[in-house]
Amino acid sequence: MSTVRTVLGDVLPERLGVCDAHDHLFLSTPLLPGNELRDAAAARAELAAFRAQGGGCVMQWTPYGLGRRAADLPSLARDSGVHVVAATGLHQAGHYGEGTLERLRGRLAEVFVAELTAGIGTSGVRAGFVKVAGGFHALDAHARWTMAAAAEAQHATGAPVAVHLELGTGALDVLDLLCGELGVPPHRVILGHLNRSPDLVVHRQVAEAGAYLAFDGPSRAHHATDWRMPDAVRELAEAGFGDRLLLGGDTTTAGARSVSGGPGMPYLLRRVRPRLAPEVGAKVVERMLTENAWRAFSAEWA
C-alpha cells in the first residue's frame with residue numbers, strides 16, 4: 001500500500017488534502033544571511049494562514065544541515081491541522097561548510113536511509129523524501145555524489161527524490177543521471193523550479209520521460225520568467241501531461257512569509273490557483289494541488 005510519510009507518521013495519500021508541493025518552514029543557509037527561517041511561532045502562524053485558505057499539506061524541502069528543526073515539526077503539524085512532510089538529502093555544496101561535507105564522505109546514502117526509516121537525529125521524525133540539487137546547466141562532482149546517494153536510498157526505501165534545478169536548468173541531465181545511470185524510476189523523481197526556465201521543449205521531454213514537474217516559487221516578481229508559468233502549464237496540460245504537474249510556494253526567507261507581509265504559503269491558493277484556472281481549467285489545477293502531489297510523494301515503503 002502506498003502512503004505518504006509525514007512527520008506524524010504514514011498516512012494514506014488522499015488524507016493530505018490540498019498540497020503545497022515545495023515550501024520551507026525552517027531554513028538557515030550562509031547563502032541567505034539575515035533571512036533565516038528560524039522562528040517557530042512564525043512557522044505556526046504561516047501554517048495556520050495556509051490552512052485558512054484550504055491548505056492541507058506542506059512538503060518541506062529543507063534537507064540535512066540547513067536548520068530543519070525536525071523535532072519542532074510534529075507539534076506544528078498538530079497545532080495547525082496541516083500535514084507536514086520533511087526531507088532528508090543534501091543541497092548544493094555552497095550551502096555547507098567543508099567540515100560538514102567531509103563528515104558525510106563514505107556514508108551519505110546511509111544517512112539518507114536512516115533519516116527515512118529511523119528518524120532525523122534523535123527526534124524520531126522520519127523524512128518522507130530525499131532532496132538533492134543540480135547546478136546551472138550542469139552537474140558538478142558534488143551533485144553527482146549526492147544524487148548517487150539519493151538513488152541508493154531510493155532503491156533501499158522506495159522514497160521519492162526531489163531535485164532543486166538551478167534556475168530551472170539541467171533537467172535532462174538530471175534524468176540521464178538519476179534514471180539512466182542510477183536506475184531510479186522516473187515517476188519517483190520530482191523536478192523543481194521548472195517555472196524559472198520556460199523551455200517548453202524540455203518541459204515536454206521531462207514529462208514524456210515520466211517525471212513530475214514542479215512549478216514552485218510563483219510569487220517572486222523579480223523572476224522574469226514567472227509570468228510565463230501559466231503558458232507552460234497550459235501547454236503541458238493540453239499535451240496530455242496534466243497528471244505530471246505540481247505547484248509549490250518555496251518560501252525561503254523570513255520576509256517572504258505572509259505573516260511578515262510577504263506572499264507566503266497562502267499565495268499559492270489565494271492568487272496562483274485562480275490565476276491558472278482560466279488557462280487550464282479548475283479541474284486540472286485542483287489535480288495539481290491534490291492527486292498529483294499525493295502520487296508524487298507517496299511510496300510503498302521498504
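Here is a short report on the structure shown in this document. Here the structure is a predicted model, which is why all the values come from computation and not from measurement. (Residues numbered from 1 in each chain as written. Predicted model: local features only at pLDDT ≥ 70, side-chain atom pairs only at ≥ 80, totals over all residues. Heavy atoms only, no water.)

Observations concerning the overall build of the protein chain
The helix and strand tally for the protein chain stands at 11 helices and 11 strands. Over its C-alpha atoms the protein chain spans a radius of gyration of 17 Å, differing by no more than 12% from the 19 Å that the globule rule assigns to 302 residues. Based on the C-alpha atoms only, the size of the protein chain along its principal axes is roughly 50 × 40 × 40 Å. Counting all 302 residues of the protein chain, 58% fall into the buried class. Pairs at least 24 apart in sequence give 76% of the contacts found in the protein chain among residues at least 6 apart. Of the roughly 11400 Å² that the protein chain leaves accessible, carbon and sulfur atoms contribute 51%. When the 29 basic and 32 acidic side-chain charges of the protein chain are each reduced to a single mean position, those positions are 5 Å apart. (Helix = DSSP H or I, 4+ residues; strand = E, 2+ residues; numbered from the N terminus. Rg over C-alpha atoms; globule rule 2.2 N^0.38 Å. Buried < 20%, exposed > 50% of the residue type's maximum accessible area, 1.4 Å probe, protein only. Contact = heavy atoms within 4.5 Å. Areas by Shrake-Rupley, 256 points an atom, 1.4 Å probe, with all protein chains shown as cover. Lys, Arg positive; Asp, Glu negative; His and termini not counted. Charge placed at Lys NZ, Arg CZ, Asp CG, Glu CD.)

Some remarks on the sheet that holds strand β9 (residues 189-192)
Spatial strand order, β6-β7-β8-β9-β10-β11: 6 strands in an open sheet with parallel pairing. In this open sheet, the two edge strands, each paired with only one partner strand, are β6 (87-89) and β11 (245-248). Strand after strand, the sheet turns through a mean of 30° between neighbouring axes, direction not considered. Of the pairings in the sheet, the one linking strand β7 (residues 129-133) to strand β8 (residues 161-164) comprises 4 bridges and is parallel in character. (Pairing = 2+ DSSP bridges. Axes fitted to C-alpha atoms, helices over the stretch in contact; angles between N-to-C directions.)

As for helix α10 (residues 282-289)
For an α-helix, 3.6 residues make a turn, and residues three or four places apart therefore share a direction. Listing the buried residues of α10 in full gives V284, V285, M288 and L289. Summarising the axial view, the buried residues of α10 lie within an arc of 135°, below the 170-degree limit, and thus occupy one face. Looking at the packing, one finds that the buried side of α10 touches β3 (18-23), α8 (229-238), β11, α9 (267-280) and α11 (291-297). (Arc of directions from axis to C-beta.)

What about the pairing of strand β10 (residues 212-216)?
Here β10 lies mainly inside the structure; 5 of its 5 residues are buried. Going residue by residue along β10, you find Y212, A214 and D216 tucked away on one face and L213 and F215 tucked away on the opposite face as well. For β9 and β10, the ladder comprises 2 bridges, and the chain directions are parallel. Note on β10: the bridge partner recorded for L191 is L213. Taking the sense of rotation as the criterion, the β-α-β connection linking β9, helix α7 (residues 200-209) and β10 turns out right-handed. Sheet analysis places β10 next to β11, joined by 4 bridges and oriented parallel. When the sheet's bridge partners are listed, L213 is paired in β11 with L245. (Right-handed = clockwise from strand over helix to strand, strands pointing away.)

Points about the sheet that holds strand β5 (residues 83-85)
If you walk across this open sheet you meet the 3 strands as β3-β4-β5, and the pairing is parallel. A strand with exactly one partner marks an edge of an open sheet, and here the two such strands are β3 and β5. When strand polarity is set aside, the average angle formed by the axes of neighbouring strands in this sheet is 20°. Relative to strand β4 (residues 55-60), β3 runs parallel, the two sharing 4 bridges. When the sheet's bridge partners are listed, V18 is paired in β4 with G55.

Describing the packing of helix α5 (residues 141-157) against helix α6 (residues 171-181)
Running from N to C, α5 and α6 point in directions that differ by 35°, and their axes come no closer than 10 Å. Note on packing geometry: the crossing formed by α5 with α6 is right-handed. Counted together, R144, M147 and A151 of α5 and V174, L177, L178 and E181 of α6 form the full contact between these two elements. Of the residues assigned to the contact of α5 with α6, the class counts are 5 nonpolar, no polar and 2 charged. (Left-handed = near helix turned anticlockwise from the far one by under 90°. Nonpolar A, V, L, I, M, F, W, Y, C, P; charged D, E, K, R; others polar.)

Looking at the pattern of salt bridges
Applying the stated criterion to the full structure yields 12 salt bridges. The closest approach of N and O atoms between D231 and R234, which form a salt bridge, is 3.1 Å. Of this pair, D231 and R234 are both found in helix α8, 3 residues apart, which corresponds to roughly one turn of the helix. When its relative accessible area of 30% is taken as the criterion, D231 is described as partly exposed. Of the charged contacts in the structure, one is a salt bridge between R273 and E286, with a shortest N-O distance of 3.4 Å. Residue R273 is located in helix α9, and its partner E286 is located in helix α10; the two are separated by 13 residues in the primary sequence. Owing to a relative accessible area of 21%, R273 belongs among the partly exposed residues under this scheme. In this structure E286 comes out as partly exposed when scored by relative accessible area, which is 30%. What emerges from the salt-bridge pattern is a single network uniting D231, R234, R275 and E279. (Salt bridge = Lys/Arg side-chain N within 4 Å of Asp/Glu carboxyl O.)

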